[in-house]
Amino acid sequence: MSSYKSPLLVLVVNCGSSSVKYSLLPVGGGAPIASGAAECLGLPEARLSIKLNGVKIVEDLKGGAHEAALSAIFAHLQTEGFLRYIAAVGHRVVQGGERFSESVVVTPEVLADLEKLTPLAPLLHPANMLGIRLCMKSFPMAPQVVVFDTAFHQTLPPAAYTYAIPRALQREHGLRRYGFHGTSHRYVSGKAARMLGLDPDNHGLVIAHLGNGSSATAVLNGRSIDTTMGLTPLEGLVMGTRSGDIDFGAAAYIARVAGLDMAGVDDMLNKKSGLLGISELSSDCRTLENAADEGHEGALLALDVFVHRLARCIGGLATSLPRFDALVFTGGIGENSGRIRAATLRRLEVFGFTLDDEANREMVGGRGGRIDADFGPAALVVPTDEESVIARDAAALAHLSDLDVFAAQRRAAV
């Protein structure tokens, strides 16, 4: 049993199509009290991993899906004595459409609007909605707050978000570029500007969030003005299993030669392409780097294509900025792969980037700082912290700053 005594915690829930991640954070900031992830939901190998007091616990979910995972998570929180202190729940929601430009408290009207957005994210949105509804049922006294991946990119200008297709499709069906990873880009861009001592009202950054899902964003004075992902998270950079940018003619050709319908092509481009498709080995960058060191042709090509596409997109994003102060790496690959960072900066020497090899080697395992040789544009690593952003938004929108009022309400409800 935990000895935790604070009265106020925020539970952050991130329901994916086959996973649930969570963190329990103190109101006002600080390291997570507990965290974990349920993976392979709905499959025989479904499992829940929990990190608590420096110990990792793995529980077999016996093929259970999202409801089983959340029930198991809530049971552990109850056992540790945390459940009664949860004052708000923050949810990561992938798609806010044009309706939501900032985080909001869940109301019946918000729920109805969220349901209408399912066609824009049919793989992830139903899981997001299920997580919200289950948490509303389990925590009826706690405000539920949704934080959107797309919200940070609502400042994109029309030239950046408009597809060159008949405009009626945007007016009638919301068909436009939205961008994703906004919570990460928001946190990292603010942190990088503070680390570099940049003028909040006069600076330009390119943020490269690199992981199994990857995107890059041009940020001007703290506002997103261009990004690589589009209507869905498929567009843009090469990713673990996603192709990134591809000629639609090529997609149509794939359908003909492989005998696939549109759903089949969509599945191939999202789940069987990217690093996995090129290497024919793995979607994991660490595995590919090890294989590349041993001369594996597919791994070498996959990493080269990844870097080529990344550098090309960073160069393109720079043209959206009136000034280019820094390139920032984040995400699992961005924070830990010195090889990818070094190869990317070598391809961007036209911008004046110079690499500090020793600093680059040291930036792993949660360390952040500059990796450039201190002349020309800065290059740095900033570990992302999406959970803290979600928790902060949830606490603010739930008005948890008035602790005495909340504590009185909680006592009265018990």
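All of the points below concern the structure found in this document. (Residues numbered from 1 in each chain as written. Predicted model: local features only at pLDDT ≥ 70, side-chain atom pairs only at ≥ 80, totals over all residues. Heavy atoms only, no water.)

1. Side note on the packing of helix H1 (residues 66–79) against helix H3 (residues 125–138)
Put simply, H1 and H3 touch, their axes get as near as 11 Å, and they point 40 degrees apart. Considering the angle they form, H1 stands oblique to H3. The element H1 and its partner H3 pack so that their crossing is right-handed. Here His66, Glu67, Leu70 and Phe74 of H1 come into contact with H3, specifically with Ala127, Leu130, Gly131, Leu134, Cys135 and Ser138. Taken together, the residues that form the contact of H1 with H3 break down as six nonpolar, three polar and one charged. (Axes fitted to C-alpha atoms, helices over the stretch in contact; angles between N-to-C directions. Helix = DSSP H or I, 4+ residues; strand = E, 2+ residues; numbered from the N terminus. Parallel < 35°, antiparallel > 145°, perpendicular 65-115°, else oblique. Left-handed = near helix turned anticlockwise from the far one by under 90°. Contact = heavy atoms within 4.5 Å. Nonpolar A, V, L, I, M, F, W, Y, C, P; charged D, E, K, R; others polar.)

2. Some words on the pattern of salt bridges
As enumerated under the stated definition, the model contains 17 salt bridges in all. A salt bridge links Glu98 to Arg176, with the nearest nitrogen and oxygen atoms 3.4 Å apart. Of this pair, Glu98 sits in the loop between strand E6 (86–93) and strand E7 (104–105) while Arg176 sits in the loop between helix H5 (168–173) and helix H6 (182–196); the two residues are 78 residues apart in sequence, bridging distant segments of the chain. Salt-bridge contacts for Asp393 lead to Arg186; the nearest nitrogen and oxygen are separated by 2.8 Å. Taken as a pair, Asp393 in helix H15 (residues 386–397) and Arg186 in helix H6 lie far apart in primary sequence, 207 residues in all. Arg186 gets classed as partly exposed once you look at its relative accessible area, which sits at 31%. (Salt bridge = Lys/Arg side-chain N within 4 Å of Asp/Glu carboxyl O. Buried < 20%, exposed > 50% of the residue type's maximum accessible area, 1.4 Å probe, protein only.)

3. Points about the pairing of strand E2 (residues 20–26)
Taking burial as the measure, the seven residues of E2 include six buried ones, the bulk of the element. Relative to E2, strand E1 (residues 9–15) runs antiparallel, the two being bridged by seven bridges. Paired with Val13 across the strands is Tyr22, a residue of E2. Where E1 hands over to E2, the hairpin turn is made up of four residues, counted between the paired strands. Pairing of E2 with strand E3 (residues 34–39), which is carried by five bridges, proceeds in the antiparallel orientation. Considered in E3, the bridge of Ser23 is made with Ser35. (Pairing = 2+ DSSP bridges.)

4. Quick look at the pairing of E1
In terms of burial, E1 is largely enclosed, as seven of its seven residues are buried. Burial along E1 is two-sided: the face carrying Leu9, Leu11, Val13 and Cys15 and the face carrying Val10, Val12 and Asn14 are both buried. Pairing of E1 with E6, which is carried by five bridges, proceeds in the parallel orientation. Each residue of the ladder has a partner; that of Leu11, found in E6, is Val89.

5. A look at the environment of Ile246
By the element assignment, Ile246 lies in the loop between strand E11 (223–227) and helix H7 (248–258). The class of Ile246 is partly exposed, set by a relative accessible area of 38%. Distance from Ile246 to Leu269, taken between C-alpha atoms, is 9.0 Å for residues 23 residues apart in sequence. In contact with Ile246, other than residues within four places in its own chain, are Ile254 and Leu269.

6. Considerations on the packing of aromatic side chains
Scanning the model with the defined rule gives four aromatic pairs in all. For the ring pair Phe324 and Phe351, a centre distance of 5.6 Å and an interplane angle of 80 degrees mean the geometry is edge-to-face. Of this pair, Phe324 sits in the loop between helix H11 (297–318) and strand E12 (326–330) while Phe351 sits in the loop between helix H13 (338–347) and helix H14 (357–362), placing them 27 residues apart in sequence. On the accessibility criterion, Phe351 (32% relative accessible area) is partly exposed. Pairing Phe324 with Phe353 gives two aromatic rings, centres 5.6 Å apart and planes at 75 degrees, and the pair type is edge-to-face. (Phe/Tyr/Trp six-rings, centres within 6.5 Å; stacked < 30°, edge-to-face > 60°.)

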